[in-house]
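Architecture and fold: a report
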Amino acid sequence: MNIKIKGDIDHHSVKRIREDIDKQIRSFMPVRVYLDLSYVDFMDSSGLGLILGRYALTKDIRAKLILTNPSRRIKKILTLAGIERIIEIEGDDKNEAC
């Protein structure tokens, strides 16, 4: 299952995004969930919480969460938070200045 997130992931948007993603995961019960971050422009700690919560959900249903195509800026946030130690990150960085 491929889920694309577009725009900002912050405290204003995270509830809606979380509900949409969880509904899809619970409806389809996939083996793999690819969370496509290629259209995410900004992410704060709410975004990290969103990702970690989806990791827990996919783990509960014995699925694997994979983050794909983060921009350099988003990948830097994920790296600083240590996300790549528990969640696989795939895809090339976009050519973007940090």
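Before going into details, it helps to say that this report is about the structure given with it. The structure presented is a predicted model; accordingly, all values stated were derived computationally and were not measured. Within each chain, residues carry numbers counting from 1 in the order of the written sequence. Local features in this predicted model are restricted to residues whose pLDDT is 70 or higher, and side-chain atom pairs enter the listing and the counts only when it is 80 or higher, whereas totals over whole chains, interfaces and linings include all residues. Where side-chain values are given, they derive from all heavy atoms of the structure, hydrogens and water being excluded.

**Regarding the sheet that holds strand β2 (residues 32-43)**
Put simply, the rule is: One requirement defines pairing of two strands: DSSP has to find at least two bridges between them. We count a stretch as a helix when DSSP gives it H or I for four or more residues in a row; a strand needs E for two or more, and each element gets its number in order from the N terminus. With axes taken as lines fitted to C-alpha atoms, and helix axes fitted only over the stretch in contact, angles between N-to-C directions fall between 0 and 180 degrees. Contacts were defined at the residue level, with two residues in contact if any of their heavy atoms lie within 4.5 Å.
In spatial order, the strands read β1-β2-β3-β4; together these four strands make up an open sheet with parallel pairing. In this open sheet, the two strands that pair with only one neighbour each are β1 (2-9) and β4 (88-90). The average undirected angle you get between the axes of adjacent strands in this sheet is 30°. Pairing of β2 with strand β3 (residues 64-68) involves five bridges; the strand directions are parallel. Among the inter-strand pairings, R32 is bridged to a residue of β3, identified as K64. Strands in contact with helix α1 (residues 14-28) are β1 and β2; relative to β1, the strand with the most contacts, it is inclined by about 175°. The strands touched by helix α2 (residues 45-60) are β1, β2 and β3; relative to β3, the strand with the most contacts, the crossing angle is about 145°.

Interpretation note: all reported values are geometric properties and have no functional meaning in isolation.
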